[in-house]
Amino acid sequence: MPARAAYGLHIRGLDDATELPAATRPPADSHAVTVRQRHTPPPDPVPLDADRVVRLLTDGRTLDLDRRRGTATFYGPPLTADVLAHPYLAPVAVVLNRWAGRETFHAGAFAHQGRAWVVHGGRTAGKSTLLAALAARDVPVLADDIVVLDGDQVLAGPRCVDLREPVPGVGLPTRRVRDGSRLRIALPAVAPRLPLGGWLFLRWGDGPTVTPIGPTELLARLAARRSLPELPSDPTGLLTLAGFPGYDLTRPKDWAALDATHRLLDAALAPTGALA
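Structure report, in brief. Bear in mind the structure is a predicted one, so any value in this text is a computation, not a measurement.

## Describing the overall build of the protein
At step 1: Each helix and strand in the protein was counted, giving 5 helices and 18 strands.
At step 2: For 276 residues, the compact-globule estimate of 2.2 N^0.38 gives 19 Å, and the protein sits close to it at 18 Å.
At step 3: Based on the C-alpha atoms only, the size of the protein along its principal axes is roughly 55 × 45 × 35 Å.
At step 4: Within the protein, the fraction of its 276 residues that count as buried is 50%.
At step 5: In the protein, of all internal contacts separated by at least 6 residues, the share reaching a separation of at least 24 is 65%.
At step 6: If you sum the accessible surface of the protein, you get close to 12,700 Å²; carbon and sulfur atoms cover 54% of it.
At step 7: One way to put it: in the protein the 32 positive side-chain charges average out to a point 2 Å from where the 28 negative ones average out.

So, in structure tokens, the structure goes:
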């Protein structure tokens, strides 16, 4: 069986995860990892260093990541391949890519005119809802939960968006996953990487409106939101990322505003053509 790919990783052990594109051979810029499950007592915690970390996950499972061996081992009750692909692959991707010197953020991303726009938002900011609404309007979505940047290139994640509840106006097929707690929308294939276009930060309020963010403020936000700040980042790289356009996207908590939000993004980010 071929390996799978996402987040700049060449993944073995998840052959049945259709959320991950097949990868017959690893690209030169990918990082290989074998995902395993063990139902034996987990090892003791190991603080994050340059080669290994063993940490307790929020659900009580333990993740053992070994950079030298190229393994990601989950200890605890068994997980299905689709759940390992998303969301359990996310902490693996964060650590492995940060070890490799890449920046990662808790964010999503969509494509517009061949460039990737990164969408920041907390647990209740409606990030996945917005991405699902864009996908329903044929806008390519690169990632739902974790965004990995290799320099100024945004790497694609698993081919799905998970919603907590149905979204009116998003007529895409869904299926129940994660013990029935999420509705999963399958996403079509996209390029494995796209150049960065800019940044969006979600806010609730009147609107929808798009407000530019100055580069100094944008740099502060990116520095504060990068994953695993205890690992070093290249200051020049962060400065480069802060040189791209950044906007606050404010919209009301109203499903009926999704069309208006899409039109606003179309006008703000693509004045000469539709989002695509």
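There is more to say, and it comes next.
## Re helix 1 (residues 81-99)
At step 1: Taking the largest bend as the criterion, helix 1 deviates by roughly 55 degrees, centred on Leu89, and proline Pro91 comes between one and four positions later.
At step 2: Most of helix 1 is tucked away: 17 of the 19 residues are buried.
At step 3: Just downstream of helix 1, Gly101 is the residue with a positive phi angle, here 90 degrees.

## Here's the deal with the pattern of salt bridges
At step 1: Under the counting rule described, the total for this entry stands at 16 salt bridges.
At step 2: Measuring nitrogen to oxygen at the nearest pair gives 2.5 Å for the salt bridge that ties Asp59 to Arg61.
At step 3: Taking relative accessible area as the criterion, Asp59 reaches 37% and is therefore assigned partly exposed.
At step 4: Here Arg175 and Asp82 are joined by a salt bridge, their closest N and O atoms 3.4 Å apart. Separated by 93 residues along the polypeptide, Arg175 in strand 14 (residues 174-177) and Asp82 in helix 1 bring together distant segments of the chain.
At step 5: We classify Arg175 as partly exposed; its relative accessible area is 39%.

## Focus: the sheet that holds strand 6 (residues 62-66)
At step 1: Ordered in space as 3-1-2-4-7-6-5, the 7 strands form an open sheet in which the pairing is mixed. Of all the strands in the sheet, the pair left with one neighbour each is strand 3 (22-23) and strand 5 (52-56).
At step 2: Relative to strand 6, strand 5 is paired through 5 bridges, and the arrangement is antiparallel. Note on strand 6: the bridge partner recorded for Arg52 is Asp66.
At step 3: Here helix 1 sits on the sheet in contact with strand 1 (3-6), strand 2 (9-12), strand 4 (31-38), strand 5, strand 6 and strand 7 (71-75), set at roughly 40 degrees to strand 6.

## Digging into the packing of helix 3 (residues 215-225) against helix 4 (residues 235-242)
At step 1: Where helix 3 contacts helix 4, the two axes come as close as 9 Å, and the packing angle between them is 125 degrees. As far as their axial angle goes, helix 4 and helix 3 are oblique. In this structure, helix 3 crosses over helix 4, and the sense of that crossing is right-handed. Across from Pro215, Leu218, Leu219 and Leu222 in helix 3, the residues of helix 4 making contact are Leu238, Leu239, Leu241 and Ala242.

## Describing the nonpolar core
At step 1: Core analysis: the largest hydrophobic core is formed by 33 residues, its most contacted members being Ile11, Leu65 and Val92.
At step 2: Of all the secondary structure elements, the ones that give two or more residues to this core are strand 2, strand 4, strand 6, strand 7, helix 1 and strand 11 (146-150).
At step 3: Ignoring any residue separated from it by four or fewer positions in sequence, one finds Leu65 in contact with Asp51, Arg52, Val53, Thr71, Ala72, Pro91, Val92, Val95, Leu96 and Trp99.
At step 4: In this structure, Val119, Leu163, Val167 and Leu200 belong to the second largest nonpolar core, which totals 26 residues.

## Remarks on the sheet that holds strand 15 (residues 182-186)
At step 1: Strand order in this open sheet of 3 strands is 13-15-14, and the pairing throughout is antiparallel. Edge strands, defined here as strands with exactly one partner in the open sheet, are strand 13 (160-163) and strand 14. With direction set aside, neighbouring strand axes in the sheet form an average angle of 35 degrees.
At step 2: Sitting on the sheet, helix 2 (residues 127-136) touches strand 13 and strand 15, and the angle it makes with strand 13 is about 130 degrees.

The rules we used
- Residues numbered from 1 in each chain as written.
- Predicted model: local features only at pLDDT ≥ 70, side-chain atom pairs only at ≥ 80, totals over all residues.
- Heavy atoms only, no water.
- Helix = DSSP H or I, 4+ residues; strand = E, 2+ residues; numbered from the N terminus.
- Rg over C-alpha atoms; globule rule 2.2 N^0.38 Å.
- Buried < 20%, exposed > 50% of the residue type's maximum accessible area, 1.4 Å probe, protein only.
- Contact = heavy atoms within 4.5 Å.
- Areas by Shrake-Rupley, 256 points an atom, 1.4 Å probe, with all protein chains shown as cover.
- Lys, Arg positive; Asp, Glu negative; His and termini not counted.
- Charge placed at Lys NZ, Arg CZ, Asp CG, Glu CD.
- Bend = angle between axes of the 7 residues up to and from the residue.
- Salt bridge = Lys/Arg side-chain N within 4 Å of Asp/Glu carboxyl O.
- Pairing = 2+ DSSP bridges.
- Axes fitted to C-alpha atoms, helices over the stretch in contact; angles between N-to-C directions.
- Parallel < 35°, antiparallel > 145°, perpendicular 65-115°, else oblique.
- Left-handed = near helix turned anticlockwise from the far one by under 90°.
- Core = buried A, V, L, I, M, F, W, Y, C linked by side-chain atoms within 4.5 Å.

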